[in-house]
Amino acid sequence: MSAHNEAKMGEIAETILLPGDPLRAKYIADNFLEDVVCYNQVRNMLGFTGTYKGKRISVQGTGMGVPSISIYAHELINQYGVKNLIRIGTCGSFNKDVHVRDVILSMTSCTDSAINKNLFRGMDYAPCADFGLLSDAHKAAVEKGVNVKVGSTLTSDIFYHDLDNNPEPFKLWADYGVLAVEMEATALYTLAARFNAKALAIMTVSDHILTGEETSADERQTTLNTMIEIGLETAIRQ
Ligand SMILES: O=P(O)(O)O[C@H]1O[C@H](CO)[C@@H](O)[C@H]1O
Ligand SMILES: O=c1cc[nH]c(=O)[nH]1
């Protein structure tokens, strides 16, 4: 047991998929895993362990934002011995070359969060994906015929911007080639590096911030399935 997880030792697999939404964790357990056990219901941050193609895998919600994923990732790595952490999240595009329904592998994660500025005393740290996980995910995507985009993403602390005072909050990031915005990868990559684990963030573009295009609920599910399958195929290679 940890402060936020009631799993017993040994109930969580070494490789875990991490959606922000705990109901996405349940959806994956219900639709993709066999022999499933629910190991956590604390705060409704559901966690499940099962098998996919014979390999033992866990899936657990992390909540939204840097503080929430930091708590879950810290405990999973340090208290449960999790080694491979694969985030599967949604993101918003602000890049004209990145479209709704695209799947992104985040090679490195920029941030507007002060978390690493504080940790590194004002110096810049470059949180990055584990190359092995990134490479395996890319291979899995190619095998599925999915044309994933690979590059830098932004982890933001802000979902709703004050557009009156900052009308183009993402222009600077787009000008420097950043593909999309989500809210957790920087923290996941930094914690994995600190505690000798491996991490990757895979994202599906759910909306385009510049054009206003969005996926419908049904479409979103299908598109998320593509990302989930890439995540699972990556997981079984570990
Ligand atoms: O779909 P999830 O994994 O929650 O990820 C994205 O969606 C949430 C915002 O709506 C944030 O957590 C962001 O990172
Ligand atoms: O963090 C997120 C996730 C999805 N879409 C956004 O605009 N931001």
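Residues numbered from 1 in each chain as written. Chains lettered and ligands numbered in written order. Predicted model: local features only at pLDDT ≥ 70, side-chain atom pairs only at ≥ 80, totals over all residues. Heavy atoms only, no water.

A closer look at the side chain of Ser58
Within the secondary structure, Ser58 is located in strand 4 (residues 55-60). Residue classification places Ser58 among the buried positions, given a relative accessible area of 0%. Of the polar contacts made by the side chain of Ser58, one reaches the side chain of Thr49; its length is 2.6 Å. (Helix = DSSP H or I, 4+ residues; strand = E, 2+ residues; numbered from the N terminus. Buried < 20%, exposed > 50% of the residue type's maximum accessible area, 1.4 Å probe, protein only. Polar contact = N/O pair within 3.5 Å; in protein donor to acceptor, adjacent residues only side chain to side chain.)

Description of the pattern of salt bridges
Inspection of every chain in the model, using the stated rule, returns eleven salt bridges. In this structure, Glu233 engages Lys53 in a salt bridge whose closest nitrogen and oxygen atoms are separated by 2.5 Å. Note that Glu233 is positioned in helix 7 (residues 217-235) and Lys53 in the loop between strand 3 (47-52) and strand 4, a separation of 180 residues in sequence. By relative accessible area, which is 13% here, Glu233 ends up buried. Between Glu184 and Arg87 there is a salt bridge, and its shortest N-O distance comes to 2.8 Å. Pair noted here: Glu184 is in the loop between strand 8 (180-182) and helix 6 (185-194) and Arg87 is in strand 5 (residues 84-93), with a separation of 97 residues, a long-range link. Within this structure, Arg87, Glu182 and Glu184 form a network of salt bridges that share partners. (Salt bridge = Lys/Arg side-chain N within 4 Å of Asp/Glu carboxyl O.)

A look at the confidence of the model for the protein chain
Residues shown with low pLDDT carry predicted positions that ought not to be read at fine detail. Of the residues in the protein chain, 100% have a pLDDT of 70 or more, and the chain-wide mean is 96. For this predicted complex, the interface score ipTM comes out at 0.98, alongside a pTM of 0.97. (pLDDT = per-residue confidence, 0-100.)

Details of the site of ligand 1
The immediate surroundings of ligand 1 are formed by Gly20, Arg24, Met64, Arg87, Gly89, Thr90, Phe159, Glu182, Met183 and Glu184. With three residues, strand 5 is the single largest residue contributor to the shell around ligand 1. Across the shell around ligand 1, the residue classes tally to three nonpolar, three polar and four charged. (Near = heavy atom within 4 Å. Nonpolar A, V, L, I, M, F, W, Y, C, P; charged D, E, K, R; others polar.)

Focus: helix 6
The element helix 6 is extensively covered by neighbouring structure, given that eight of its ten residues are classed as buried. Among the residues of helix 6, Ala185, Thr186, Ala187, Leu188, Tyr189, Thr190, Leu191 and Ala192 are the ones counted as buried. Directly beyond the C-terminal end of helix 6, a positive phi value near 60° is found at Asn196.

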